[in-house]
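# Chain and residue survey
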Amino acid sequence: MANRVLTGTRFVHGDWACAEGAISAGCGYYAAYPITPATEIAERIAQRFPVLGGKFIQFEDEIGAIASVIGASFSGLKAMTATSGPGVSLMLENIGLAVMTEAPCVIVNVMRGGPSTGQPTMGAQGDVMQCRWGMHGDVETIALAPQSVQEMYDLTVEAFNLSEAYRTPVFLLSDANIGHLYERLTIPREEELTLVDRKRPTLPPSEYLPYRADESLVPPMASFGDGYRFYSTGLTHDEKGYPDMSVETQDKLVRRLCDKIRRNTDKITMVETLMTDDCEVLVVAYGIAARSAATAVKQARERGLKAGLLRLVSLWPFPDKLLEKMAEDAKAVIVAEMNYGQLVREVERAVKPKPVRFLPKLGENPHTPGEILEAIRRIDA
Amino acid sequence: MTEEMKHPLSDYLRMDRLPHIWCAGCGLGIILHSYVEAIQELSMDLDKIVTVSGIGCAGRASGYVNTDAFHTTHGRALPFATGISISRPDLKTVVISGDGDLFAIGGNHLIHAARRNVDMLVICSNNFNYGMTGAQYGPTTPLNTRTPTSPYGSIENPFNLVALVASSGATMVSRWTVYHVYHLKNAIKKGLQKKGFSFIEVISPCTTGFGRLNKQTPIEMMRQLRDNTKIMKVHPMEATIDPSTEIIIGDFVDVRKPTYGEILRELEAKAR
Amino acid sequence: MAKQRIKLIKQLCKGCGYCIEFCPNNVFEKSEEITERGVTPPRIKNPDKCTLCGLCTRLCPDFALIIEEDEGDG
C-alpha cells in the first residue's frame, strides 16, 4: 500500500499541494468537473486515490459533483470538490443544502477572472463575496485564503478540520496564481498532523435526534448505514430532522446554523501580522496580494514609514472586532485585493470611521509592491 | 396515528409522520406501500438501505420510510445517491422521485448515472405534470395537453422514459402503474436485489392537479390505468405511451453488466 | 389459526374510494360519515364476502386498510 502522507520537501505547484493536503487530511471522496485553473487538483487525486482506496469520480457537471460530495459526506467519508468561480456558481444551491443539513465538506475555489467565463487562466479574488452571500437564505460560511503553495497544503488540511468540527462546508479560496505557482512544499510526517473528525452520536439509535445540538450548537453526526436510520432534508426541520414550517423552528434552526460559526469567530480566525505594533498605516490583504503587501510594508519601514500588514488567512467569518482593534491606533487603513471592491466593504464597516483607502486590481497580476508602497506614502504625506 | 395501533408496516414506515401529505387518490402512497412491502417480503435489513429523493410531491417519499433517508435539492437525488453508492457499496441505495425531478431539472444526471451503471434502484413516479407547483406541463406531458403553463395545449414532445433510460445503459428497465400493485411490487423486489442501475417507471395519477385539469376523478384515472394498459415484452423503444389510448407496460430490460463500483474496485486492486 | 379480517384505520383515510371501486368482491360501500378531516371513509358492508386477498390494502394510497387478527369484538 502506498503512503498516504508524502512526507518530505518538493518543488510543486499549488493545485498539487492542495490535492496532497486533502489526502493528508483523510479525504476519502472527491468529485469534480474539469475547469481551469483547478483541474490539476482532480488530476493529482485521480492518480493517487485508486492506490489509497479513495473514491474519485468526474461528474457531468459541478452540480452533480457537489451533490455527490454531500452524499459521500453523509456516508461517513471526508469529501471535497475543487472548481473555479463558474463552477461555484453552479454549486451554490447544493452548498446551501450542505449548510442546511450540516454536511462537512470542502469546496476549493481556484479563483479566476470573472464575471462569466472571464479570464480562465488568470488569477483574481473576485469570488470572496460569492462564497459568503451566494447562497439564498441566511448562512454563515468559513473561508480560508492561502498565499503560497505551502499554504495550499496546510490550509486544505485546516479546511477539512474546520468542516468536520463545525459540520459545515468550508471554502478554500485560492486563485490561478497560487494554483499554478511552483514553490517549495514541505509535507510533515503523518504523526505531526492534527486531524479533526466529526463528532459521532453516543446515544443509542432509539434516542438519537439528528439535529439536536448541545451548547456547541454542532449536533453529533451519524452516517448512513450506522443503524441510526435518520432522515435529513433541505426543508426547515426540527431536531428529529422532520420538516416543520413553523416560525419557531425556522427561527431556532437558522439562528443555530449561523451562531455555531458566528460565536466561534475568534476560534476560527487566522491572521498573520507584520510590524503592526506601532503602525500608522495598516495594510489589509489576503492570498497572493498579501505577498506584495508584505514587501511593500517592509520597503515602507526602510523608508521610515510606519506601515504594518494584517494578512487575513481566514476571510469568513469576518473578524470585525479584530479589525477594529488593529486599526485603533492607525491613521488609515489600506485594503489591497484583486477585485473591484469586495472585502474592503467589510473592512470599512469594521474600522468605521477610520479612513480606508482601497487598491483594486483587475486582470491576472497582483498589485506590485511599488503600487502598495505608493499608497502608503500618500497617506503618510 | 395513535401509538397503540400496530400497523403491519409500522417497522418500515415513520408512523409518527402519517397521514402523509399527498392528496386523496395520489398514487405516491401506493408506490410507497409497494416499496416498503417489497423490503418486508425480502426481509432486508432496514439499516442497510438508504432512500433518497429529490423535490416535488414524490420527493417527500423518503421522509416516510424508516431507513436512512435524504431529501435532496431539485433534480439532484441521483448524484447524491451516486455519492452514497460509491462510498458505501454495502448499502442498497434507492431513489424515489418524480418525472420532472429526474428527467427535466435532473435529466443530465439520469443519463449519466445510467451510462456509468451506478448500482442503485430508481423508482420514478410519472404523473405527466409538475404536481406540487400546480399541474404545469413537464417533460412527460402528452402533446396538446392544456396545463396552466400550456393554456393552448402543450407544444412539446414528451420523453419516453423507459426508452431514454434503456438507451443510456440501464441494466433493468420496467414500466408499471399504481393499479398493477403486484407487478409493481415484484419489479421493486427485483430492483432491490439487482446489482446495477435499475429503473422502474410507475405511472401514477396526479388527482388534484392533472386530474382536475382533465376533468377526471381519481377513480376514473385509476380505471384508465387498468383499461388503457397492455402488458408486453417489447424492446423499450417499442414501449409506447399515450395515456389517453394505450400505455405499454412490463419488464423490458434485465441484463447484467459490471457496475461502476465493481469496475472501480477492480481498478483499485490493479493500482495497488 | 386465528381468524383475520379487513380493518379500516379511519384517521389515515382520505376518502379516494379506490377500495370501493376496485374490490373484486364488493366488500366496501360509500358511507354517509364525514370525519374530522372532512373525509368520507368507506364502510365495510360485506365483511363475509372478503377473501382477505389484500388488494385494497395495496391500492389504498394512505395505508388505511390493514388485515388484522379478528378478536371477535366487532
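Residues numbered from 1 in each chain as written. Chains lettered and ligands numbered in written order. Predicted model: local features only at pLDDT ≥ 70, side-chain atom pairs only at ≥ 80, totals over all residues. Heavy atoms only, no water.

### Description of the overall build of chain C
We count it as follows: Put simply, DSSP marks the helices as runs of H or I at least four residues long and the strands as runs of E at least two long, and each gets a number from the N terminus on. In this treatment the radius of gyration is a C-alpha quantity, and the globule benchmark scales as 2.2 Å times the residue count to the 0.38 power. Contacts were defined at the residue level, with two residues in contact if any of their heavy atoms lie within 4.5 Å. In these tables, accessible area is a Shrake-Rupley quantity obtained with a 1.4 Å probe, and a residue counts as shielded only by the protein chains included in the view. Working convention for charge: Lys and Arg count positive, Asp and Glu count negative, and His plus the chain ends are omitted. All charge positions are set by atom: Lys at NZ, Arg at CZ, Asp at CG, Glu at CD.
Counting secondary structure elements, chain C contains two helices and four strands. Reading the secondary structure of chain C in the N-to-C direction produces β-α-β-β-α-β. In terms of overall size, chain C behaves like a compact globule, its C-alpha atoms giving a radius of gyration of 12 Å where 74 residues would be expected to give roughly 11 Å. With respect to the three principal axes, the spread of C-alpha positions in chain C is 40 × 25 × 20 Å. In chain C, the proportion of contacts linking residues at least 24 apart, taken out of those at least 6 apart, comes to 61%. In the structure as shown, chain C presents an accessible area of about 4,000 Å², 46% of it carried by carbon and sulfur atoms. The centroid of the 11 positive side-chain charges in chain C is displaced by 4 Å from the centroid of its 12 negative side-chain charges.

### Things to note about the domain arrangement of chain A
Size of an interface, as often reported, equals the accessible area lost when the parts are brought together. Residues and elements named next belong to chain A. The condition is simple: Here the bounds of each domain stem from an automatic or database domain assignment. Defined here as a combined quantity, buried area equals the accessible surface (1.4 Å probe) lost by two parts on assembly, summed across both. By definition, a salt bridge exists where a carboxyl oxygen of Asp or Glu is found within 4 Å of a side-chain nitrogen of Lys or Arg. Nitrogen and oxygen atoms within 3.5 Å of one another constitute a polar contact, given that in protein one can donate a hydrogen and the other can accept it, and given that sequence-neighbouring residues count only through two side-chain atoms.
When cut into domains, chain A gives domain 1 (8-192) and domain 2 (270-380). Here the C-alpha centroids of domain 1 and domain 2 sit 26 Å apart. Between domain 1 and domain 2 the total buried area reaches about 2,100 Å² when both faces are included, carbon and sulfur atoms providing 55% of it. Contact with domain 2 buries area across many residues of domain 1, yet Q125, M129 and Q147 alone supply 32% of it, more than any other trio. The shortest N-O distance in the salt bridge between R291 and E183 comes to 2.5 Å. Linking domain 1 with domain 2 are 14 residue pairs in polar contact (both at pLDDT 80 or more).

### So, the packing of aromatic side chains
The description of an aromatic ring pair uses the distance of the two centres, along with the angle that the planes make with each other. As a reminder of what qualifies: Pairing of aromatic rings covers Phe, Tyr and Trp, the last counted by its six-membered ring, and requires centre-to-centre distances within 6.5 Å; plane angles under 30 degrees mean stacked, over 60 mean edge-to-face, and any other angle means tilted. Exposure is judged per residue with a 1.4 Å probe applied to protein chains only, and the accessible area is read against the type maximum: over 50% gives exposed, under 20% gives buried, and values in between give partly exposed. Both a distance and an angle decide whether a charge sits over a ring: NZ of Lys or CZ of Arg must be within 6 Å of the ring centre and within 35 degrees of the ring normal.
Applying the stated criterion across every chain yields a total of 17 aromatic pairs over all chains. Relative to Y64 of chain B, the ring of W22 of chain B lies with its centre 5.3 Å away and its plane at 70°, an arrangement referred to as edge-to-face. Linking W22 of chain B in the segment before helix 1 (28-41) with Y64 of chain B in the loop between strand 1 (49-53) and strand 2 (68-71), this pair joins segments that are 42 residues apart in sequence. The pair W22 of chain B / Y64 of chain B is uniform in exposure class, with both members buried. Joined through ring pairs, the aromatic side chains of F74, F224 and F230 of chain A together with F70 and F80 of chain B make up one cluster. Sitting over the ring of F59 of chain A, R116 of chain B keeps its end group 4.8 Å from the ring centre.

### Focus: the interface of chain B and chain C
On the chain C side, the residues contacting the 36 residues of chain B number 21 residues. Overall, the association of chain B and chain C removes approximately 2,300 Å² of surface from exposure, summing both partners, and the carbon and sulfur fraction of that is 67%. Linking chain B to chain C there are 11 residue pairs in polar contact (both at pLDDT 80 or more). The leading source of residues in the side of chain B that touches chain C is helix 1 of chain B, at seven residues.

### Observations regarding the pairing of strand 3 (residues 55-58) of chain A
Residue and element names in this part refer to chain A. Note the threshold: Two strands pair under a simple rule: DSSP has to find at least two bridges between them. Here, the term right-handed applies to a crossover whose path from the first strand over the helix to the second runs clockwise when the strands point away from the viewer.
Of the strand pairs in this sheet, strand 2 (residues 27-32) and strand 3 are connected by four bridges, and their pairing is parallel. Its bridge partner being in strand 3, A32 is matched across the sheet by Q58. For the crossover that starts at strand 2, traverses helix 2 (residues 39-52) and ends in the parallel strand 3, the hand is right-handed.

### Quick look at helix 8 (residues 218-227) of chain B
Here is the rule we go by: Working note: the arc is built from the helix axis to C-beta atom directions.
Along helix 8 of chain B, the residues classified as buried are I219, M221, M222 and L225 of chain B. Down the axis of helix 8 of chain B, the sector holding all buried residues measures 160°, keeping them to one side.

### Thoughts on the interface of chain A and chain B
In this assembly, 44 residues from chain A lie in contact with 40 residues from chain B. Between chain A and chain B, roughly 3,500 Å² of surface is buried when both sides are summed, and carbon and sulfur atoms account for 56% of that area. Counting across the interface, chain A meets chain B through four salt bridges. Of the charged contacts in the structure, one is a salt bridge between K240 of chain A and D16 of chain B, with a shortest N-O distance of 2.7 Å.

### Quick look at the nonpolar core
Operational definition: Buried residues of nine kinds, namely Ala, Val, Leu, Ile, Met, Phe, Trp, Tyr and Cys, make up a nonpolar core once their side-chain atoms join them within 4.5 Å.
Ranked by internal contacts, the top residues of the largest apolar core, which has 91 residues, are F74 of chain A together with F199 of chain B. Broken down by element, the residue count for this core peaks at seven residues, all from helix 4 (residues 85-101) of chain A. Per-domain counts for this core show at least three residues from each of domain 1 (8-192) and domain 2 (270-380) of chain A.

### Details of the pattern of salt bridges
In total, this model carries 51 salt bridges over all chains according to the counting rule given. Between E201 of chain B and R175 of chain B there is a salt bridge, with its nearest N and O atoms 2.9 Å apart. With E201 of chain B in strand 6 (residues 197-203) and R175 of chain B in strand 5 (residues 172-177), this pair connects stretches of sequence that are 26 residues apart. With respect to burial, E201 of chain B and R175 of chain B carry one shared label: buried. Between K10 of chain C and E33 of chain C there is a salt bridge, with its nearest N and O atoms 3.0 Å apart. Here E33 of chain C lies in the loop between strand 2 (28-30) and strand 3 (42-44) and K10 of chain C lies in the loop between strand 1 (4-8) and helix 1 (18-22), a separation of 23 residues in the sequence. With a relative accessible area of 33%, E33 of chain C lands in the partly exposed category. Several salt bridges share partner residues, and in doing so they unite E37, E41, K185 and K189 of chain B together with R58 of chain C into one network.

### Looking at the side chain of T57 of chain C
Looking at the element boundaries, T57 of chain C is found in helix 2 (residues 55-59). Ignoring sequence-local partners within four residues, the contact set of T57 of chain C consists of H33 of chain B together with I6, L65, I66 and I67 of chain C.

### Some details on the environment of R223 of chain B
Tracing the chain through its elements places R223 of chain B in helix 8. Judged by relative accessible area, R223 of chain B falls into the partly exposed class, the value being 30%. Taking the C-alpha atoms as reference points, R223 of chain B and Y179 of chain B, 44 residues apart in sequence, are found 8.3 Å from one another. With residues near it in sequence (within four places) discarded, R223 of chain B still touches E21 and F22 of chain C. A polar contact of 2.6 Å, which involves the side chain of R223 of chain B, links it to the side chain of E21 of chain C.

### Comments concerning the sheet that holds strand 13 (residues 307-312) of chain A
All names here are of chain A. The test is simple: Here, axes are lines fitted to C-alpha atoms. For helices the fit covers the stretch in contact, and angles between N-to-C directions go from 0 to 180 degrees.
Within the open sheet, the five strands sit side by side as 11-13-12-15-16. Their pairing is mixed. Two strands close off the open sheet at either side, each with one partner strand: strand 11 (271-274) and strand 16 (356-359). Between one strand axis and the next, the sheet turns through 20° on average, direction left out of account. Where strand 15 (residues 332-336) lies against strand 16, four bridges are found, and the strand directions are parallel. Residue I334 lies in a different strand from strand 16, and its bridge partner there is R357. Against the sheet, helix 11 (residues 320-327) contacts strand 11, strand 12 (281-285), strand 13 and strand 15, and its axis sits at roughly 175° relative to strand 13.

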